[in-house]
Structure formats: C-alpha cells, structure tokens
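Working through the structure, step by step
As a plain string of letters, each chain reads:
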Amino acid sequence: QVQLVESGGGLVQAGGSLRLSCGASGRTFSGYAMGWFRQAPGKEREFVAAISWVGGRTDYAESVKGRFTISSDNAKNTVYLQMNSLKREDTAVYYCAAALKPGRKTRTDVYDYWGQGTQVTVSS
C-alpha cells in the first residue's frame, strides 16, 4: 500500500505563487509516474501535471503550461507542484496520485493511489 499526503495549499491572491508537496509513504515507491489533478466545485477532476518516476519526463495541461512546474525528489519519495502566476480559475482541490504501471498519464484511471486533496483558493 502507498499513502499519499498533500500539503501546501491555501489562499493566495491572483498573480501569486504556491508550492504543493506530496509525500509517499507505506513502502518504497518504485512506480511509473506521479501526477497532480484538480477538481473545482461542480466540475470533473482534471489533469494538471505528471512526472515519470524514472527519467523525470514531465507533462502539463495546456491551461498551466509556463506557469506550473512539477518536480520530484526520488530519495524523499516526494513530488512538488510549483504554481506561479495563479489565476482565479486555478481555484480547486488539488490531488496527488501515483501510478504503478505505464499508461496515459493524463487519465485518472491510470493512477492506483490518491491523496486526500489540498484546497487552493485564488482571490482577485
């Protein structure tokens, strides 16, 4: 079993920055990829960013390219999401997820484990 715990969410003004962290515990994680998703009220959960655990290849949703950066510290089993130039439309609960096997990293059904989520609220 893998437990994922997110932290770093909060309230920030538009144009500001936040850094989310996601720590994996329970066993040494040696899976395929880690991803960040978000879900706003009344909307479906959507892909934000992902990083391959080996090689560090990154993928981003078009809406966050150039503003968000995903990174990982494999020794600490931790993945980060640096969010800059935040917009009101970035307001959502952000979820960290872990995929054990290869698959399309933008799809929620590729991921085997999910964190509990952390709220990000961007005010104008």
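The preceding data block contains the structure.
Residues numbered from 1 in each chain as written. Predicted model: local features only at pLDDT ≥ 70, side-chain atom pairs only at ≥ 80, totals over all residues. Heavy atoms only, no water.

Next up on the list: the overall build of the chain. In terms of helices and strands, the chain carries 0 helices and 11 strands. For the chain, the succession of helices and strands along the chain, N to C, is β-β-β-β-β-β-β-β-β-β-β. Principal-axis analysis of the C-alpha atoms places the extent of the chain at approximately 40 × 25 × 25 Å. Within the span of the chain, comprising 124 residues, buried residues form 44% of the whole. The long-range fraction of contacts in the chain, counting pairs at least 24 apart against all pairs at least 6 apart in sequence, stands at 57%. Accessible surface, the chain as shown: approximately 6,400 Å² in total, 46% of it carbon and sulfur. With 15 positive and 10 negative side-chain charges, the chain shows a separation of 2 Å between the mean positions of the two kinds. (Helix = DSSP H or I, 4+ residues; strand = E, 2+ residues; numbered from the N terminus. Buried < 20%, exposed > 50% of the residue type's maximum accessible area, 1.4 Å probe, protein only. Contact = heavy atoms within 4.5 Å. Areas by Shrake-Rupley, 256 points an atom, 1.4 Å probe, with all protein chains shown as cover. Lys, Arg positive; Asp, Glu negative; His and termini not counted. Charge placed at Lys NZ, Arg CZ, Asp CG, Glu CD.)

Counting 36 residues, the largest nonpolar core has Leu-4, Met-34, Trp-36, Leu-81, Met-83 and Tyr-94 as the members making the most contacts within it. When residues of this core are traced back to their parent elements, those giving at least two are β3 (18–25), β4 (33–39), β5 (46–52), β7 (68–73), β8 (78–83), β9 (92–99) and β11 (118–123). Of the residues forming this core, the biggest block, 6 residues, is contributed by β9. Here Leu-4 is in contact with Cys-22, Gly-23, Ala-24, Met-34, Cys-96, Ala-97, Ala-98, Tyr-113, Trp-114, Gly-115 and Gln-116, once residues within four sequence places are set aside. (Core = buried A, V, L, I, M, F, W, Y, C linked by side-chain atoms within 4.5 Å.)

This part covers the pairing of β8. Counting buried residues in β8 gives 5 out of 6 residues, a clear majority hidden from the surface. In terms of strand pairing, β3 meets β8 through 6 bridges, oriented antiparallel. Opposite Arg-19, over in β8, you have Gln-82 as the bridge partner. Pairing of β7 with β8 involves 6 bridges; the strand directions are antiparallel. Across the sheet, residue Ser-71 finds its bridge partner in β8, namely Tyr-80. Hairpin connection between β7 and β8: a loop of 4 residues separates the two successive antiparallel strands, and Asn-77 in this loop has a positive phi of roughly 50 degrees. (Pairing = 2+ DSSP bridges.)

Attention now goes to the packing of aromatic side chains. Evaluation of the coordinates by the stated rule reveals 4 aromatic pairs. Each ring, one from Phe-37 and one from Phe-47, has its centre 5.7 Å from the other, and the planes form 75 degrees; the classification is edge-to-face. On the criterion of sequence distance, the pair formed by Phe-37 in strand β4 and Phe-47 in strand β5 is long-range, its members being 10 residues apart. A relative accessible area of 12% places Phe-47 in the buried class. When the centroid spacing of 5.2 Å and the interplanar angle of 80 degrees are considered together, the rings of Phe-37 and Tyr-111 count as edge-to-face. Within this pair, whereas Phe-37 is found in strand β4, its partner Tyr-111 is found in the loop between β9 and β10 (113–114), the two being separated by 74 residues in sequence. Phe-37 sits in the buried class, given a relative accessible area of 0%. Through a chain of ring-to-ring contacts, three or more aromatic side chains come together here, namely Phe-37, Phe-47, Tyr-111 and Trp-114. Sitting over the face of the ring of Tyr-95, Arg-45 holds its NZ or CZ atom 3.7 Å from the ring centroid. When the ring centre of Trp-114 is taken as reference, the NZ or CZ atom of Arg-45 above it lies at 4.9 Å. (Phe/Tyr/Trp six-rings, centres within 6.5 Å; stacked < 30°, edge-to-face > 60°. Lys NZ or Arg CZ within 6 Å of the ring centre and 35° of its normal.)

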